[in-house]
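Chain and residue survey
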Amino acid sequence: MKFFIDTANLAQIREAQELGILDGVTTNPSLMAKEGIKGDKNIMGHYADICDIVEGDVSAEVISTDFEGMKEEGGRLARLHEQIVVKVPMTFEGIKTIRYFGEKGIKTNCTLVFSAGQALLAAKAGATYVSPFLGRLDDMSTDSSQLIAEMRMIYDNYGYNTKILAASIRHTMHIVNCAKIGADVVTAPLSALKGLISHTLTDIGLAKFLEDYKRVIDPS
């Protein structure tokens, strides 16, 4: 399973990259706004900076809602850097855009997916990635892991090459559950990725090893 980080914060991206486990980045307009990135020129430059840090795919989201707008905006994003994946919403116009970009050899990430039917349609249209939003489903008392399982079954049934990119990750168990079911990618905040490292018994064990070693080298 690949690990993407869901942020526009360059320092966090560098920190995840230094761990040696980072495969890519996802961003969205909200994350850009959180970092205070404003204006088309600055946003495009920020995407380029992200691509300079990581070696994998970088999802950059269109903000247009009509086919012509998404086609023009997504085209500009794709031309910015070969690592850019055009992030398109799950809408009628979005599906048309995904099909268009697929025929042009441009990678896409269909975002805001909440049902198996939406995931099936996005794969049929040729999406490179499909992003089910787990945390938002859980917020509505819906078992988000069931959606991942349904998507895995459907894609395997028909041999779709579309990758399941689990998004809206809130905690480490989301990541572990996705790995159990067979998601291809998870995109998570740095805190959730680092959370996989921590365990109380590891901390206790390490402290005990260091304490014992100190007694060996300094028996007094």
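We now turn to the structure provided with this report. (Residues numbered from 1 in each chain as written. Predicted model: local features only at pLDDT ≥ 70, side-chain atom pairs only at ≥ 80, totals over all residues. Heavy atoms only, no water.)

What follows concerns unusual backbone geometry. With a phi angle near 60°, L112 is a residue other than glycine that sits in the positive phi range. Among the secondary structure elements, L112 is positioned in strand 5 (residues 108-113). (Helix = DSSP H or I, 4+ residues; strand = E, 2+ residues; numbered from the N terminus.)

The next subject is the layout of surface pockets. Regions of empty space are outlined by a rolling probe, equal in size to a water molecule, passed over the atoms. Of the voids in this model, the largest pocket is the one considered here, and its volume is about 360 Å³. Lining the largest pocket we find 17 residues, and of these D6, N28, F133, R136 and S168 sit closest to its centre. Contributions of two or more residues to the lining of the largest pocket are made by helix 2 (29-34), strand 5 and strand 8 (185-188). Grouping the constituent residues of the lining of the largest pocket by class yields 7 nonpolar, 5 polar and 5 charged. Estimates place the volume of the second largest pocket at around 200 Å³. Surrounding the second largest pocket, P29, M32, D40, I43, M44, Y47, E61, I63, E73, R76 and L77 form its lining. Every element with two or more residues in the lining of the second largest pocket is listed here: helix 2, helix 3 (40-53) and helix 4 (67-80). Here the lining of the second largest pocket is composed, by residue class, of 7 nonpolar, no polar and 4 charged. (1 Å grid on protein atoms, 1.4 Å probe; cavity = no way out; pocket = protein on both sides within 12 Å on 5 of 7 lines; lining within 4 Å. Points joined across faces, edges and corners; volume = space filled by probe spheres on them. Nonpolar A, V, L, I, M, F, W, Y, C, P; charged D, E, K, R; others polar.)

Read around the barrel, 8 strands follow the order 1-2-3-4-5-6-7-8 and close on themselves; strand pairing throughout is parallel. Pairs of neighbouring strands in the sheet enclose a mean axial angle of 30°, with direction left out of account. One ladder, built from 2 bridges, connects strand 6 (residues 129-132) with strand 7 (residues 163-166); its direction is parallel. Bridge assignment links V130 to a residue of strand 7, and that residue is I164. (Pairing = 2+ DSSP bridges. Axes fitted to C-alpha atoms, helices over the stretch in contact; angles between N-to-C directions.)

Turning our attention to the nonpolar core. The biggest cluster of nonpolar side chains holds 56 residues, and the ones touching the most others in it are I5, I13, C110, V130, Y155, I169 and I175. Ignoring any residue separated from it by four or fewer positions in sequence, one finds I169 in contact with L134, H174, I175, C178, T187, A188, P189 and A192. V85, Y129, L165 and V185 belong to the second-largest nonpolar core, a separate cluster that totals 5 residues. (Core = buried A, V, L, I, M, F, W, Y, C linked by side-chain atoms within 4.5 Å. Buried < 20%, exposed > 50% of the residue type's maximum accessible area, 1.4 Å probe, protein only. Contact = heavy atoms within 4.5 Å.)

A few words now on a nonpolar patch on the surface. A cluster of nonpolar side chains, contributed by L19, I21 and I197, occupies part of the molecular surface with about 260 Å² of accessible area. Here L19 shows up in helix 1 (residues 10-19). (Patch = residues over 30% accessible without salt bridge, like charges linked within 9 Å, V, L, I, M, F, W, Y side chains within 5 Å. Areas by Shrake-Rupley, 256 points an atom, 1.4 Å probe, with all protein chains shown as cover. Salt bridge = Lys/Arg side-chain N within 4 Å of Asp/Glu carboxyl O.)

Turning our eyes to something else, we now look at the pattern of salt bridges. Using the criterion set out here, one finds 13 salt bridges in the structure. In this structure, the salt-bridge partner of D139 is R170, at a minimum N-O distance of 2.9 Å. Of this pair, D139 sits in helix 7 (residues 134-139) while R170 sits in the loop between strand 7 and helix 9 (172-181), placing them 31 residues apart in sequence. The exposure class assigned to D139 is exposed, which follows from its relative accessible area of 53%.

Here strand 1 (residues 2-6) runs beside strand 8; their pairing, made up of 4 bridges, is parallel. Its bridge partner lying in strand 8, K2 is registered against V185. Where strand 1 meets strand 2 (residues 24-26), 3 bridges bridge the pair, whose relative direction is parallel. Bridged to F4 within strand 2 is G24. Following the backbone out of strand 1, through helix 1 and into the adjacent parallel strand 2, one traces a crossover that is right-handed. (Right-handed = clockwise from strand over helix to strand, strands pointing away.)

Shape descriptors only; they carry no functional weight alone.
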